[in-house]
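Chain and residue survey
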Amino acid sequence: MDRCLKTVLEKSRRIGASDILLREGHKICYRVRGRLVEDDLLLTRDFMESLYSSFRMPGYVSEYLGPMASCDLAFEYKGRYRANLFTAEGRKCAVLRVVSEEIRTLSELGLPGILVEEVIRKKGLSLVIGRTGAGKTTTLASLTREILQRENAHVITLEDPIEYRIRTDRGCITQRELGTDFVTFDEGITQALRQSPDYIVIGEIRNITALRAAISAAEAGHGILGTIHSLGAGKTLTRMLSMFPEGEKEFIRYQLSASLNFLLSQKLTYSQEEASLDYELVLNSPAVENTIREGRFNQLDNILLLSERHGMRRFQGSP
């Protein structure tokens, strides 16, 4: 690995950066507590060429086709990183996500222990929702580890790429990576059903085929955990239903109402000292189940208001 890149990676952890933005012909930018901080180092074409040649692993199969395809991967240097390689105006670029060295507990993240209890008790479809950088992957890793600490189970993860290496003394975890171990998320889910899973953890539900496969797997009695880029239960359910043709919507609502476990929507807010997590939690109570089945998503806010004493919660700040 290039000595200059090593210096950049070391600095990112020293200053507490969450992301590193590398663009040919521009100065390096670090994202620290949600804000971009520019470095003095100007990135040359040679540097980016060296970075690309180091990261494009032989045998990697991209989910996206074409000569200008982006590439997602993970690597390690005194810690773990996720990288996205892409081009802008023909120039090589990369964004590196700094992955925490330790998987924090739900309590340390500021999330309730009821989440893992619900997953183990009900199985079904549990979704972590949020925008990019909201900590969805971190929450998913924490949930996965706590499931394995409590239950002797087989967990299969489908990731793009593998970020956290999850170790366990109990049960069994099989971590699979997009482009290396499977081609698309829906294919990965279908394959996982033949691999004796108790739980399937999906790094990101991106399209209708992956969503349909996840709902069907949850209906079959497996515990399905996944993430979706959205915010808020009502908006997320509306977006999910919008993926399907009009003739399927009623059946999908029925499937979701029966198989859904919970919707955890989260966002990060930043102060000078630290990041704090705010979240909305919708549990699939009888009232929520009826609301989803009938498509009255606008009533979820009222249900949340009346159900906080039962473990549900609204965003404490503005969504």
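Structure shown above.
Attention here is on the structure that accompanies the text. These numbers come from a predicted model, not from an experiment. (Residues numbered from 1 in each chain as written. Predicted model: local features only at pLDDT ≥ 70, side-chain atom pairs only at ≥ 80, totals over all residues. Heavy atoms only, no water.)

**Considering the packing of aromatic side chains**
Scanning the model with the defined rule gives two aromatic pairs in all. When the ring of F75 is compared with that of Y81, the centres are 5.2 Å apart and the planes differ by 15°; the resulting orientation is stacked. One exposure class covers both F75 and Y81, and it is buried. Over the face of the ring belonging to Y52 we find K92, whose NZ or CZ atom lies 5.4 Å from the ring centre. Stacked on the ring of Y279, the Lys or Arg R313 has its end atom at 4.0 Å from the ring centre. (Phe/Tyr/Trp six-rings, centres within 6.5 Å; stacked < 30°, edge-to-face > 60°. Buried < 20%, exposed > 50% of the residue type's maximum accessible area, 1.4 Å probe, protein only. Lys NZ or Arg CZ within 6 Å of the ring centre and 35° of its normal.)

**Here's the deal with the sheet that holds strand β13 (residues 275–283)**
Remark on secondary structure: sheet strands pair via backbone hydrogen bonds, oriented parallel or antiparallel. With respect to topology, seven strands assemble into an open sheet ordered β9-β8-β10-β11-β7-β12-β13, the strand pairing being mixed. Looking along the sheet, the strands with just one partner apiece sit at the ends: β9 (172–177) and β13. The sheet shows a mean angle of 15° between the axes of neighbouring strands, direction not considered. Here five bridges tie strand β7 (residues 124–130) to strand β12 (residues 260–270), and the two strands are oriented parallel to one another. (Pairing = 2+ DSSP bridges. Helix = DSSP H or I, 4+ residues; strand = E, 2+ residues; numbered from the N terminus. Axes fitted to C-alpha atoms, helices over the stretch in contact; angles between N-to-C directions.)

**Considerations on the pattern of salt bridges**
Per the counting criterion, the structure on display carries 19 salt bridges. The residue E49 makes a salt bridge to K92 at a minimum N-O spacing of 3.5 Å. Here K92 lies in strand β6 (residues 91–99) and E49 lies in helix α2 (residues 45–55), a separation of 43 residues in the sequence. Overall, E49 belongs to the partly exposed group, its relative accessible area being 32%. With relative accessibility at 17%, the residue K92 sits in the buried group. In this structure, R150 engages E117 in a salt bridge whose closest nitrogen and oxygen atoms are separated by 3.9 Å. (Salt bridge = Lys/Arg side-chain N within 4 Å of Asp/Glu carboxyl O.)

**Brief notes about the side chain of E151**
For E151, the position within the fold is in the loop between α5 (136–150) and β8 (154–159). One buried charged side chain, E151, makes no salt bridge at all; its nearest oppositely charged neighbour is K123, positioned 4.0 Å away. For E151, the side chain forms a polar contact with the side chain of Y199, separated by 2.5 Å. The contact partners of E151, leaving out residues within four places of it in the chain, are I120, K123, R170 and Y199. (Lys, Arg positive; Asp, Glu negative; His and termini not counted. Polar contact = N/O pair within 3.5 Å; in protein donor to acceptor, adjacent residues only side chain to side chain. Contact = heavy atoms within 4.5 Å.)

**So, the nonpolar core**
Counting residues in each nonpolar core, the largest one holds 67 residues, and the members touching the most others are L125 and L256. Take this core: its biggest share by element is seven residues, from helix α7 (residues 208–219). Ignoring sequence-local partners within four residues, the contact set of L125 consists of A214, I215, A218, I224, L256, S259, L260, N261 and F262. Grouped together as the second largest cluster of nonpolar side chains are 25 residues, L5, F47, Y52 and F75 included. (Core = buried A, V, L, I, M, F, W, Y, C linked by side-chain atoms within 4.5 Å.)

**Considerations on the sheet that holds strand β4 (residues 71–76)**
Taken together, the six strands give an open sheet; going across it, the order is β3-β2-β1-β6-β5-β4, and neighbouring strands pair in antiparallel fashion. Each of the sheet's edge strands pairs with one partner strand only, and the pair in question is β3 (35–42) and β4. Strand after strand, the sheet turns through a mean of 20° between neighbouring axes, direction not considered. Sheet topology note: the strand β2 (residues 27–32)/β3 ladder contains five bridges and is antiparallel.

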